[in-house]
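Residue-level structure breakdown
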Amino acid sequence: MRLKNKVAIITGAGSGIGRGAALAFAREGAKVLVADWSEAGGQETVKLIKKQKGSAMFVKVDVSKAADAESMVKQCLTAYKRVDILFNNAGIVKMGTLHETAEADWDQVINVNLKGVFLCSKAVLPQMLKQGKGKIVNTASIAGLVGFDQIGPYCASKGGIIALTREMAVEYASKKINVNCIAPGIIKTAMTKDMLNDPAVTAGFAASTPYPRLGEPEDIALAAVYLASNESDFVTGIVLAVDGGWVAK
Ligand SMILES: NC(=O)c1ccc[n+]([C@@H]2O[C@H](COP(=O)([O-])OP(=O)(O)OC[C@H]3O[C@@H](n4cnc5c(N)ncnc54)[C@H](O)[C@@H]3O)[C@@H](O)[C@H]2O)c1
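For the structure given in this document, a descriptive report is provided here. (Residues numbered from 1 in each chain as written. Predicted model: local features only at pLDDT ≥ 70, side-chain atom pairs only at ≥ 80, totals over all residues.)

1. Comments concerning the site of the ligand
- Taken together, the neighbourhood of the ligand is formed by 29 residues, with Gly-12, Ser-15, Gly-16, Gly-91 and Thr-189 sitting nearest.
- Of all the elements in the fold, those that place two or more residues in the shell around the ligand are α1 (16-27) and α6 (190-196).
- Of the residues belonging to the shell around the ligand, the class tally is 12 nonpolar, 15 polar and 2 charged. (Near = placed C-beta within 6 Å. Helix = DSSP H or I, 4+ residues; strand = E, 2+ residues; numbered from the N terminus. Nonpolar A, V, L, I, M, F, W, Y, C, P; charged D, E, K, R; others polar.)

Next comes the structure, spelled out in structure tokens:
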């Protein structure tokens, strides 16, 4: 088992990529704190982990709220006594032309996607510093690496995550805290469901993805397991594109 006896906090674990990662981490022996603002989604993930004989607990969290992030780490320490891994994965998207984007929508996307990474990392870092080791994995996106139509705040938030990942990697490397991010391509989850229901959009995505299929949550989960495990101790500050070749094209 690649994450045996590790304790992992995964945000956005109530659905899609986060749920896939929670199941994969648990299979590899980690105790998983399933953090999500959806109670129903989070509880379902815990149920699925317990069904495969893993350990998990749910904490309702809005990652854009400092008090929630702090309480999440406190509850993790109470239950599991340590935190080895933080997978900052919660995210939202809002579509529309930039000149018609409401300021409130800009703020919400940046607050959840980018500020959430800051707040959850800030809450967890003192404990990782105390433990003398830690792994932080952030979910960015290929939208932080190349341009996309009509998702301005999302692209800005993901580009920000990539920059923050590099900053944190440099800042905490001497403390043996690794910080990396994953840039998923198009992954079949609730976030992309409506888009993928449109055959023209799906065909466009497929045409931009050299590998002959779109992504599944498991593709990202397996990359996250690697970056959360001791196998990647000498890897820090990277952007791992898991995108079927989208950004290589
Ligand atoms: N699906 C894709 O194609 C794709 C591509 C690139 C990046 N991503 C990124 O992957 C991550 C996961 O997305 P997904 O595709 O699994 O989507 P999803 O909608 O299936 O899952 C997102 C989860 O995050 C939770 N969440 C949202 N805001 C939250 C908040 N403020 N606090 C706590 N939880 C919150 C949701 O309740 C949901 O359970 C996101 O960061 C997303 O931007 C997805």
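We are not done yet, so read on.
2. Digging into the sheet that holds strand β6 (residues 177-184)
- Taken in spatial order, the 7 strands line up as β3-β2-β1-β4-β5-β6-β7 in an open sheet, and their pairing is parallel. The open sheet is flanked by β3 (55-60) and β7 (239-242), the only strands paired with a single partner. Across the sheet, the mean angle from the axis of one strand to that of its neighbour is 20 degrees, orientation sign disregarded.
- In terms of strand pairing, strand β1 (residues 7-11) meets strand β2 (residues 31-36) through 5 bridges, oriented parallel. From the neighbouring strand, Ile-10 faces β2, where its bridge partner is Val-34.
- Most of the contacts of helix α3 (residues 66-80) go to β1, to which it runs at about 150 degrees, and overall it touches β1, β2 and β3.
- Relative to the sheet, helix α5 (residues 152-172) contacts β5 (134-139), β6 and β7, its axis offset from that of β6 by approximately 160 degrees. (Pairing = 2+ DSSP bridges. Axes fitted to C-alpha atoms, helices over the stretch in contact; angles between N-to-C directions. Contact = placed C-beta atoms within 7 Å.)

3. Structural notes on the environment of Asp-194
- On the secondary structure map, Asp-194 appears in helix α6.
- Taking C-alpha positions, Asp-194 is 25 Å from Ala-224, a pair spaced 30 residues apart along the chain.

4. Re the nonpolar core
- Counting residues in each nonpolar core, the largest one holds 70 residues, and the members touching the most others are Ala-8, Ile-10, Ala-21, Ala-22, Phe-25, Val-32 and Ala-224.
- A per-element tally of this core places helix α4 (residues 103-131) first, with 10 residues.
- Ignoring anything within four residues of it in the chain, the contact list for Ala-8 reads Leu-3, Phe-25, Ala-30, Val-32, Leu-33, Asp-84, Ile-85, Phe-87 and Ala-228. (Core = buried A, V, L, I, M, F, W, Y, C linked by C-beta atoms within 7 Å. Buried ≥ 20, exposed ≤ 12 C-beta atoms within 10 Å, placed from the backbone.)

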